[in-house]
Amino acid sequence: METVISVDKFSKRFGRQEVVHDLSFEVRRGEVFAFLGANGSGKTTTVRCLLGLMRPSAGELLIQGRRYDETIASRIGYLPEERGLYTSSNVLETMTYVGSLKGVAKNEAIQWSERFLERVGLADKAKEKVKRLSSGQQQKIQLGLTLINNPEILILDEPTKGLDPVNRALFMEMLEERRAHGATIMFITHLMDEVEKIADRLIMIHQGRRRLYGEVGEVRRQFGENRIHVDFSGTLPEAKDLFRSSVDGHRAELIPLDGVTSERILEHLVSRKLKMQKFEIDAPSLQEIFVMISESNE
Amino acid sequence: MNKILLIAKREYLKIVRSKSFWAIVLLLPIFYIVIGTLVSATAQSVEKKIEEEAKEAKRIVLVDSAGVLRDSLFTESLERIDDADRARQLVVSGEVDAAIVYPPTLASDQGIAVYAQDTGLLSRDRFSELARTLLKQSILQNIESQEQRELFNSEIAVSTTIYDEGEEVQQGIEVFLIPIVSVVLYFLLVILSASFMLASVSEEKENRMIETMLSIVPARQLVWGKILGLTGVAITQLLTLIAFGIVAYNTTTNLIEFQINWAEVPIGFWQIILAVFYIFTGFLFISSVMVGVGSAMPNHREAQSFSSLFIILSIFPIYLATPLIADPNGPVAVITSYFPFTSALVLLFRTSIGAIAGWESALGIAAMLVYVAVGLWAAHRLFALGAMEVSKKLSFNFLLKHFRSK
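Just so it is clear, the structure is predicted and the values come from calculations on it, not from any experiment.

Here's the deal with the domain arrangement of chain A
Part 1: When the domains of chain A are assigned, the result is domain 1 (3–220) and domain 2 (225–282).
Part 2: Between the C-alpha centres of domain 1 of chain A and domain 2 of chain A there is a distance of 44 Å.

Re the interface of chain B and chain A
Part 1: On the side of chain A, 28 residues touch chain B, which itself brings 27 residues to the contact.
Part 2: Where chain B packs against chain A, one counts two salt bridges.
Part 3: Put simply, Glu93(A) and Arg17(B) hold a salt bridge, and the shortest N to O gap is 3.5 Å.
Part 4: Run the count over chain B and chain A and you get nine residue pairs in polar contact (both at pLDDT 80 or more).

Considering the packing of helix H3 (residues 91–101) of chain A against helix H5 (residues 135–147) of chain A
Relative placement of two packed helices is described by the angle separating their axes and the distance separating the axes.
Residues and elements named next belong to chain A.
Part 1: At a minimum axis separation of 9 Å, H3 and H5 run at an interaxial angle of 25°. Compared by their axis directions, H3 and H5 come out roughly parallel. In terms of crossing hand, the pair formed by H3 and H5 is right-handed. Along the contact surface, H3 presents Val-91, Thr-94, Met-95 and Val-98, while H5 presents Ile-141, Gly-144 and Leu-145.

Details of H5(A)
Every α-helix carries 3.6 residues per turn, so stepping three or four residues along brings you back to the same face.
All names here are of chain A.
Part 1: Taking 1.5 Å per residue as the helical rise, H5 with its 13 residues ought to reach 18 Å, and the 19 Å between its terminal C-alpha atoms agrees with that figure.
Part 2: In terms of residue burial, H5 counts as a mostly covered element, since 11 of its 13 residues are buried.
Part 3: Residues Gly-136, Gln-138, Gln-139, Lys-140, Ile-141, Gln-142, Leu-143, Gly-144, Leu-145, Thr-146 and Leu-147 constitute the buried set of H5.
Part 4: Where H5 is buried, its residues meet strand E5 (76–79), H3, helix H4 (106–119), strand E6 (153–157) and helix H6 (165–180).

Quick word on the packing of aromatic side chains
Part 1: Inspection of every chain in the model, using the stated rule, returns 17 aromatic pairs over all chains.
Part 2: With centroids separated by 5.2 Å and ring planes inclined at 10°, the aromatic side chains of Trp112(A) and Phe116(A) adopt a geometry described as stacked. Taken together, the positions of Trp112(A) and Phe116(A), both in helix H4 and four residues apart, correspond to about one turn of that helix. Of the two residues, Trp112(A) and Phe116(A), both sit in the buried class.
Part 3: Taken together through their ring pairs, the aromatic side chains of Phe285(B), Phe306(B), Phe310(B), Phe339(B), Phe341(B) and Tyr371(B) make up a single cluster.
Part 4: Over the ring of Tyr86(A) we find Arg10(B), and its NZ or CZ is 3.7 Å from the ring centre.

What counts and how
Residues numbered from 1 in each chain as written. Chains lettered and ligands numbered in written order. Predicted model: local features only at pLDDT ≥ 70, side-chain atom pairs only at ≥ 80, totals over all residues. Heavy atoms only, no water. Domains from an automatic or database assignment. Contact = heavy atoms within 4.5 Å. Salt bridge = Lys/Arg side-chain N within 4 Å of Asp/Glu carboxyl O. Polar contact = N/O pair within 3.5 Å; in protein donor to acceptor, adjacent residues only side chain to side chain. Axes fitted to C-alpha atoms, helices over the stretch in contact; angles between N-to-C directions. Helix = DSSP H or I, 4+ residues; strand = E, 2+ residues; numbered from the N terminus. Parallel < 35°, antiparallel > 145°, perpendicular 65-115°, else oblique. Left-handed = near helix turned anticlockwise from the far one by under 90°. Expected span 1.5 Å × (residues − 1). Buried < 20%, exposed > 50% of the residue type's maximum accessible area, 1.4 Å probe, protein only. Phe/Tyr/Trp six-rings, centres within 6.5 Å; stacked < 30°, edge-to-face > 60°. Lys NZ or Arg CZ within 6 Å of the ring centre and 35° of its normal.

So this is what it looks like as structure tokens:
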């Protein structure tokens, strides 16, 4: 599959402090790619270097095979983490202005904006000053600015931050539409349910270094063999050389020790004649993986 | 270029559509005229008040140790006594409004002594004029010739003709018209435009729109778009002020007898070209400083207070007006001609009065171009850096650490 975004051996230093170290990943055409990491892990810095807002200290960051320049800007929709609007301008003026800067003809920008405002329930606010809108309404306008040029590539930094559940659902629906139209979407988020719902692949960085990278299901499976859920009758036999356990009534979560397979644990429990209603190898949620990696100091 | 024009158009319309812009452009000259009139009227009314207070005095004692005062000048309220100490005591005890003591020898360093009741800060000197007038009139009465006395009392006109190396020097208001207009334009255009530029950059940062904008348009284009838009604003200001000036001139010449002989206004081609150059480069330099300040500060309020330092530096030549006018080629003029913040205004002034050599003009042009180039370069850097630090003030350490990277 064609690579749309390519980050190769990228590092970024601020003075003596290295905030991103030797980072490499690719985003493929038409996929939804999640960019994960704790606060301060270097995600926003990576995106800013990708978009030419900062200069990388080392490595190469390419979009469609070339460094970011203003000619690519018309094909990209970027929603930054630090986002805002010209509060003293009116809604339609702001949308048309940004649309024009992105290369959209003025009439087309006006028509698109009116359709968008209709869809997000803000048709009556078109002539309203932005400062009179609520923060949720302003976020919808920011999304409009991101999408107005019908971008092939969407780069979104915490796009649903601060949105209520209804607007979050509307936002996700619009992203799905963009994806259905073949757009490539890279988004930074801390909301793992969003990732599990729409992302095809992900990267997770910690302290500026890559910790996870691959398809969502595969990443979960990599961590999956580490826990087994068991429903049982009687007493769970101990086996300190095989697993650690946490028991809650007739349910237990077993965490295999290093080098111990789930088959060996099953054989052990069967040999001890434990009556089991369920023996399930469970992949941990992305939320759990995120917390695990964020808490590790490696 | 298209993007620069789009940005320029937005910046221009945003400012020109605002009521505050028109309020500033139209009301500022009116404000200055009103303030000037008020100051003049206040001074006149204070003088009048002092005069009246002096006239209202019921009893003034005079001690004429020199024997110069003529009896014919003594009115009802004036009374002659001999003892200076007693005269002072009469004032202390409140029996008289004032005592004027003339020393035995007026030609010596010892002057006239006035003792008076306190009637307020401004009128403490109210009897000085009376003391002088009595003395002058008394001396005058000693002059025998009626013709001489009339001449002494009349307003004698004085006309002066000045030559410089054999050439008569023009001294009418016409000679100073170009320097005055140039300096006033510099102030109104450069200083006002600077404040608009500061507000524009602060708005991008304060509204947190800057990162979105920089992902669409390079910092250089965004800054140039703003400068172009503000140039349009400056031209609009200029045209408005010219129209305002024409109306004001026509109105005032009908009301007061004030005429400018346009034929005597010395307008040189290169003088005008250089004036435009210095105003424009001064505008670019101050704009670049304002871009830098707006980028480095987290909000407009902080940016405004920090920028006042640079505004004061830019108008500093006003405080040096006396040495600059007295000696336009002196050390003060030369030093301030090459200091970045004062350069444009001083060179503009010196050029408009024709007090600058050709080689110095060339040096001035080069200096201004260098200042503008360095200013714009630093402004772009600060703009790109400040964009990513929306809620922070850029510290010196931060700048040191990041200035080399984008």
